[in-house]
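Notes for the structure review
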Amino acid sequence: MSASVSAPVNGTDFELRTDPFRRELLAHCYRMLGSVTDAEDLVQETYLRAWRSYGGFEGRSSIRTWLYRIATNACLRALEQRHRRPLPSGLGAPSNDPGAPVVGGSEVPWLQPIPDVLFAADPVDPAAAAASRSHLRLALVAALQLLPARQRAVLILRDVLAWRAAEAAELLDMTVAAVNSALQRARAQLATVAPVADLLAEPADVGQRAALDRYVHAFENGDVGALTRLLRSDAILEMPPHRTWFQGRETIGRFLAPRIAPPGDMRLVPVGANGGQPAAGLYQREADGRFRPHAIHLLTVAGSDIVRISAFLDPGPFASFGLPPTL
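Residues numbered from 1 in each chain as written. Predicted model: local features only at pLDDT ≥ 70, side-chain atom pairs only at ≥ 80, totals over all residues. Heavy atoms only, no water.

**Overview of the packing of helix H5 (residues 63–79) against helix H9 (residues 165–172)**
At a minimum axis distance of 9 Å, the contact between H5 and H9 shows a crossing angle of 55°. By the angle class used here, H5 and H9 are oblique. Once H5 is placed against H9, the crossing between them reads as right-handed. Here H5 contributes Thr 65, Tyr 68, Arg 69, Thr 72, Asn 73 and Leu 76 to the contact with H9, which in turn contributes Glu 170, Leu 171 and Leu 172. Here the contact of H5 with H9 is composed, by residue class, of four nonpolar, three polar and two charged. (Axes fitted to C-alpha atoms, helices over the stretch in contact; angles between N-to-C directions. Helix = DSSP H or I, 4+ residues; strand = E, 2+ residues; numbered from the N terminus. Parallel < 35°, antiparallel > 145°, perpendicular 65-115°, else oblique. Left-handed = near helix turned anticlockwise from the far one by under 90°. Contact = heavy atoms within 4.5 Å. Nonpolar A, V, L, I, M, F, W, Y, C, P; charged D, E, K, R; others polar.)

Rendered as structure tokens:
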């Protein structure tokens with residue numbers, strides 16, 4: 001019996017060969033699906049399918065390529081049954097009335113942030129490490145959700161993972177000409193949202209931690225003036241699962257002024273999200289004096305200015321960010 005046929009019996013061999021790619025496959029599935037929970041499920045499915053078919057793996061491609069084929073096809077099947085995951089700013093125009101009640105949207109499958117802690121341990125391959133942590137910017141992942149599923153896969157394989165057209169074509173069972181055409185259409189679609197180079201750019205560390213520290217200080221002190229001074233004039237505030245979102249420093253300030261908690265009633269714990277974007281878990285004091293999870297605030301920073309606040313009003317992700325249930 002050949003080694004490839006007997007390999008599934010040797011669980012250690014399978015784990016040693018496939019485990020180094022688990023984190024980058026999670027990043028890949030997250031880019032495709034826009035959901036951490038769905039991505040984790042699809043990675044589990046990928047490894048189960050890989051285990052079952054490991055005996056037939058003949059080594060005509062690398063283990064990494066083989067796993068990506070399984071994962072990508074699993075994502076494409078999943079997307080046939082699921083709606084895209086947007087952010088509120090992708091569904092319509094901003095509200096111009098900060099005093100009006102916000103519009104709910106609990107029925108919408110919203111885009112989710114992904115914790116950097118999931119990628120804390122680097123894979124063995126430095127190239128795989130770069131792939132697992134880079135290109136996770138919230139703006140890029142949100143823009144990817146606008147693309148048809150197969151175009152999304154092509155763009156990720158070609159522009160994010162830097163695969164050759166022939167490799168992407170083989171993985172997706174397409175011709176090279178079809179891959180090139182899909183890539184051109186995908187890039188054109190992204191360019192209508194923002195310049196592709198901006199969406200694919202690596203996050204810059206300069207000023208981000210300082211901006212987050214000032215943001216935390218302003219929020220914890222209930223200082224709307226200090227908070228709005230951190231914002232660029234055209235900044236965006238969105239708060240899934242609410243559909244309502246706002247644009248403009250003054251409008252955001254008017255919305256927050258009657259809603260921000262008094263000094264001492266909120267605490268923010270800095271975390272990392274989406275490949276290095278500054279973020280914090282916001283805890284709110286309740287009647288018993290304990291601080292309990294309220295929202296994950298993810299910031300997009302340009303220079304020293306905050307250009308977007310994505311406040312995910314859901315305590316569910318706190319555990320996956322490594323945050324405690326109470327303070």
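**Considerations on helix H3 (residues 22–33)**
Along its twelve residues, H3 runs 16 Å from first to last C-alpha, staying within 8% of the 16 Å computed at 1.5 Å per residue. Turning to H3, its buried residues number three or more, namely Glu 24, Leu 25, Leu 26, Ala 27, His 28, Cys 29, Tyr 30, Arg 31, Met 32 and Leu 33. At the exit of H3 stands Gly 34, carrying a positive phi of roughly 70°. (Expected span 1.5 Å × (residues − 1). Buried < 20%, exposed > 50% of the residue type's maximum accessible area, 1.4 Å probe, protein only.)

**Examining the environment of Glu 40**
You can see Glu 40 is positioned in helix H4 (residues 36–53). The exposure class assigned to Glu 40 is partly exposed, which follows from its relative accessible area of 34%. Aside from chain neighbours lying at most four places away, what touches Glu 40 is Leu 26 and Leu 118.

**Topic: the packing of aromatic side chains**
Counting across every chain of the model gives nine aromatic pairs. Both rings, one in Phe 14 and one in Trp 51, keep their centres 5.4 Å apart while their planes meet at 75°; by these two values the pair is edge-to-face. Here Phe 14 is found in helix H2 (residues 11–18), whereas its partner Trp 51 is found in helix H4, with 37 residues between them in sequence. The buried category is assigned to Phe 14, whose relative accessible area is 7%. (Phe/Tyr/Trp six-rings, centres within 6.5 Å; stacked < 30°, edge-to-face > 60°.)

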